[in-house]
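Structural overview
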Amino acid sequence: MRRTTPFVVALCLSATALLAQDLTEEQDRALTARQAHMGLYGFYLTPLGQMAQDRIPYDADVAAAAANNLAAMAAIDQSAFWVEGTDSSLERSRARAEIWTDPDGYLEVKQGMADATEALALVAGDGLDALKAAFGPVGQSCSACHQPYRAPAN
Amino acid sequence: MPRWPWIVGVLVVGTGAGWFATKPTPLPASALEGITGDAERGAITFAAAGCASCHNAPDGPLDVLAGGKSFASDFGTFIAPNISSDPVHGVGGWTDLELASAIMRGVSPDGAHYYPAFPYTSYIKADVQDIADLIAHMRTLPADTTPSQPHDLGFPFNIRASLGVWKALYLRDDWVMDAPTPELERGRVLVEALGHCAECHTPRNALGGLDRSAWMTGAPNPSGDGRIPNISPAGLTWSAQEIAEYLNSGFTPTFDSAGGTMADVIRHTSQLSDADRMAIAAYLKVLP
């Protein structure tokens, strides 16, 4: 055991290094950045969604701050995320090739999310009913992109 | 080599007998006797059965069942037909019994087998009243004149008669799960029959029959990339409330959102009542 463990660890490390070598540094950075960006959407959606679903008490300040951040993130230019060769043919990626082959369609749903989150940010601090009403379209805007442009998990 | 003529003879006789034993069997003529469809209740059944997920036009509204979406599989590409109320290009000219036979037995009005890409394999378990309601609702939806497109299947899958054998093997109307409470009973109707969840979430054998011993434990994605997830308790640890919420809003407990085909499914489950979504969740929570 003592002898094999370092060997197995070394093997795993070199395998990982080999996988990582398949990507250029630019591809690797773009993938990491956009997945972090998606993760942050989830981070700011969580308190908003938990309030909308009556799982935590409504807090106007928390809701307004989260919704503002979400809207800011959705509004920024994201074109640098979509480096060629980083679609779901890679183990690490679930981005469908259609993002590259249908950029207009992708940009349209991306704008849909920017619009829905901006509308949410305008009212998120105005009470739970206003939050709930504006939160639904945000959810639909997530699906509008995930439906055509995200592959299922492996 | 001298054995070949014998084998051909056996094949011819066997195929003939097999064809006779496996010819299309529609619903009995009396199946809808004394049953009147309720279009309003049928709207719920329509959503629960997800008809529009496959039969609406690509990017079209959910109530225009013009067909035209294509579905890749190991057997070829299926193209959903027009099932709108148009009497020529849709199904508006069919009788209720013809429609019910198509939905619950996979048999066309002229007596041909349908491919099980159409989930009559699940709808066979539905209550006839629910299907009568569904048909009444479908008759209220708009007509569309888009002609149906033929499927694109390779040999031997393009021979519909071969489906008789497939049906004899895999078309079953018995439930997979026990349902000891009214909620589980409703959940079972929604999951096993109308919602036809197993068609994607349960793995299939080489002939395309569902593997009931691995019920809802996930499967390769028939359209290519990724896997359809395991939604038995071993794979899905969400609470019943969280499952019901996902079926309403598309958000997971950590506020990721549904994608792919499931986003389409949620366009329909979001139209169900809270009680129905909780019944689906209750069913999933008691799976082995």
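These figures come from a predicted structure and were not determined experimentally.

**Observations regarding the domain arrangement of chain B**
All names here are of chain B.
- Taken domain by domain, chain B comprises domain 1 (4-168) and domain 2 (182-285).
- Counting from both sides, the interface comprises 21 residues of domain 1 and, opposite them, 20 residues of domain 2.
- Among the secondary structure elements, those contributing two or more residues to the side of domain 1 that touches domain 2 are α2 (39-49), β1 (70-73) and α5 (120-123).
- Residue contributions to the side of domain 1 that touches domain 2 peak at five residues, all from α2.
- Here the side of domain 1 that touches domain 2 is composed, by residue class, of 13 nonpolar, five polar and three charged.

**As for the nonpolar core**
- Among the nonpolar cores identified, the biggest contains 86 residues, and Leu 48, Ala 67 and Leu 120 of chain A together with Ala 100 of chain B are the most heavily contacted of them.
- Shared between two domains, this core takes at least three residues from each, and those domains are domain 1 (4-168) and domain 2 (182-285) of chain B.
- Every residue in contact with Leu 48 of chain A, bar those within four places of it in the chain, is listed here: Ala 63, Ala 66, Ala 67, Ala 124, Leu 131 and Phe 135 of chain A.

**So, the interface of chain B and chain A**
- The interface of chain B with chain A comprises 19 residues on the first partner and 16 residues on the second.
- Residue assignment for the side of chain B that touches chain A shows that the elements contributing at least two residues are β5 (227-228), α10 (240-249) and α11 (260-269) of chain B.
- Looking at the side of chain B that touches chain A, the element that brings in the most residues is α11 of chain B, giving four residues.
- Of the residues assigned to the side of chain B that touches chain A, the class counts are six nonpolar, eight polar and five charged.

**What about unusual backbone geometry?**
- Phe 155 of chain B connects to Pro 156 of chain B through a cis peptide bond whose omega is 0°.
- Looking at the secondary structure, you find Pro 156 of chain B in the loop between β3 (152-153) and α7 (163-170).

**Details of helix α6 (residues 128-149) of chain A**
- Its 22 residues give α6 of chain A an end-to-end C-alpha distance of 32 Å, which sits within 8% of 32 Å, the value for a rise of 1.5 Å per residue.
- Taken as a whole, α6 of chain A has its buried residues at Leu 131, Ala 134, Phe 135, Val 138, Gly 139, Ser 141, Cys 142, Ser 143, Cys 145, His 146, Gln 147 and Tyr 149 of chain A.
- Contact partners of the buried residues in α6 of chain A: α2 (25-52), α3 (60-75), α4 (98-101) and α5 (103-123) of chain A together with α10 and α11 of chain B.

**Comments concerning the sheet that holds strand β2 (residues 76-79) of chain B**
Residues and elements named next belong to chain B.
- Read across the open sheet, the three strands follow the order β1-β2-β3; overall the sheet is antiparallel. Of all strands in the sheet, those with a lone pairing partner are β1 and β3, marking the two edges.
- Both β2 and β3 contribute to a ladder of two bridges, which runs antiparallel. Bridge pairing in β3 places Gly 76 opposite Leu 153.

**A short note on helix α6 (residues 128-138) of chain B**
Residues and elements named next belong to chain B.
- The buried fraction of α6 is high, at nine of eleven residues.
- Among all positions in α6, only Asp 130, Ile 131, Ala 132, Asp 133, Leu 134, Ile 135, Ala 136, His 137 and Met 138 are buried.
- Those residues of α6 hidden inside the fold are in contact with α2, α4 (96-105) and α8 (182-194).

**Observations concerning the confidence of the model for chain A**
All names here are of chain A.
- Scored by pLDDT, chain A has a mean of 89; 86% of the residues are at 70 or more.
- The secondary-structure element of chain A with the lowest mean pLDDT is helix α1 (residues 4-21), recorded at 49, while α3 shows the highest, at 98.
- Per-residue pLDDT stays below 50 along residues 11-18; that stretch engages in zero contacts with residues further than four places along the chain or on separate chains.

**What about the pairing of β2 of chain B?**
Residue and element names in this part refer to chain B.
- With four bridges joining them, β1 and β2 adopt antiparallel strand pairing. Looking across to β2, one finds that Ser 73 is bridged to Gly 76.
- In textbook terms, the turn of a hairpin is the stretch between consecutive antiparallel strands, and for β1 and β2 this stretch comprises two residues.

What counts as what
- Residues numbered from 1 in each chain as written.
- Chains lettered and ligands numbered in written order.
- Predicted model: local features only at pLDDT ≥ 70, side-chain atom pairs only at ≥ 80, totals over all residues.
- Domains from an automatic or database assignment.
- Contact = placed C-beta atoms within 7 Å.
- Helix = DSSP H or I, 4+ residues; strand = E, 2+ residues; numbered from the N terminus.
- Nonpolar A, V, L, I, M, F, W, Y, C, P; charged D, E, K, R; others polar.
- Core = buried A, V, L, I, M, F, W, Y, C linked by C-beta atoms within 7 Å.
- Buried ≥ 20, exposed ≤ 12 C-beta atoms within 10 Å, placed from the backbone.
- Expected span 1.5 Å × (residues − 1).
- Pairing = 2+ DSSP bridges.
- pLDDT = per-residue confidence, 0-100.

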